[in-house]
Amino acid sequence: MENGIINLPKILDTRGNLTVVEDYKEIPFEIKRAYWVYDVPAGEWRGGHAHKKCLEFIVAVSGSFIVTLDDGKNKTEYLLNHPYQGLLVNTGTWRTLEDFSSGSVCMVLASEKYEEEDYIREYDDYLEYIKTL
């Protein structure tokens, strides 16, 4: 499974647009957890970790921010600024989120429930971990 942007259905309506996501349909995993990040102060960042088992799908439901994905050799930046697009983040990928616009909301759909043991929180530990993959 590759990291990358997935376009979601955008149902246009004069009363307001709607976008939907279902597990195994728009995204390639069962959704076991959802959380959102908001009110991020100017200049702050989020993320700064990788997962061993958990896949994530990141959506800017409001505003914008930049997600940087790092595989230990290459870094790719993604500007998320449409609520009808999301970024699939594979296991073993280091991620950071930054440059949040005012009022932005970042929603994350995850394939696993929260388990602290799944997180790699130190970059040097991450570089050692990916050598084992």
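Whatever comes next refers back to the structure up there.
Summary of the structure given here. (Residues numbered from 1 in each chain as written. Predicted model: local features only at pLDDT ≥ 70, side-chain atom pairs only at ≥ 80, totals over all residues. Heavy atoms only, no water.)

**Some details on unusual backbone geometry**
- A positive phi is found at Tyr24, a non-glycine position, where the angle reads about 65°.
- Assignment of secondary structure puts Tyr24 in the loop between strand E3 (18-19) and strand E4 (33-38).
- Its relative accessible area of 61% is what places Tyr24 among the exposed residues.
- A positive phi is found at Asp39, a non-glycine position, where the angle reads about 55°.
- With respect to the helices and strands, the residue Asp39 is situated in the loop between E4 and strand E5 (46-51). (Helix = DSSP H or I, 4+ residues; strand = E, 2+ residues; numbered from the N terminus. Buried < 20%, exposed > 50% of the residue type's maximum accessible area, 1.4 Å probe, protein only.)

**Re the sheet that holds strand E11 (residues 105-110)**
- In space, the five strands of this open sheet follow the order E1-E9-E6-E11-E4, with antiparallel pairing throughout. Each edge of the open sheet carries a strand with a single partner, namely strand E1 (4-7) and E4. Taken over all neighbouring pairs, the strand axes of this sheet differ in orientation by 25° on average, direction set aside.
- Pairing of strand E6 (residues 56-62) with strand E9 (residues 85-89), which is carried by three bridges, proceeds in the antiparallel orientation. Looking at the pairing, Glu56 lines up with Val89 of E9. (Pairing = 2+ DSSP bridges. Axes fitted to C-alpha atoms, helices over the stretch in contact; angles between N-to-C directions.)

**Description of the pattern of salt bridges**
- Counted under the stated rule, the structure contains five salt bridges.
- When the shortest N-O distance is used, the salt bridge between Arg95 and Glu56 registers 2.5 Å. With Arg95 in strand E10 (residues 94-98) and Glu56 in strand E6, the pair connects residues that are 39 residues apart, well separated along the chain. With respect to class, Arg95 is no different from Glu56; both count as buried. (Salt bridge = Lys/Arg side-chain N within 4 Å of Asp/Glu carboxyl O.)

**A short note on the sheet that holds E10**
- A sheet is described by the order of its strands in space; here five strands give the open sequence E8-E7-E10-E5-E12, paired in antiparallel fashion. At either end of the open sheet lies a strand with only one pairing partner, and these are strand E8 (75-80) and strand E12 (119-120).
- Both E5 and E10 contribute to a ladder of three bridges, which runs antiparallel. From the neighbouring strand, Arg46 faces E10, where its bridge partner is Leu97.

**Remarks on the nonpolar core**
- Counting residues in each nonpolar core, the largest one holds 15 residues, and the members touching the most others are Ile58, Phe65, Val67, Leu80, Leu87, Leu97 and Cys106.
- Secondary structure elements with two or more residues in this core: E6, strand E7 (65-70), E8, E9 and E11.
- Ignoring any residue separated from it by four or fewer positions in sequence, one finds Val67 in contact with Ile58, Thr76, Glu77, Tyr78, Leu80, Leu87, Thr96 and Leu97.
- Counting nine residues, the second-largest nonpolar core is a separate cluster that includes Ile6, Phe29, Leu88 and Leu109. (Core = buried A, V, L, I, M, F, W, Y, C linked by side-chain atoms within 4.5 Å. Contact = heavy atoms within 4.5 Å.)

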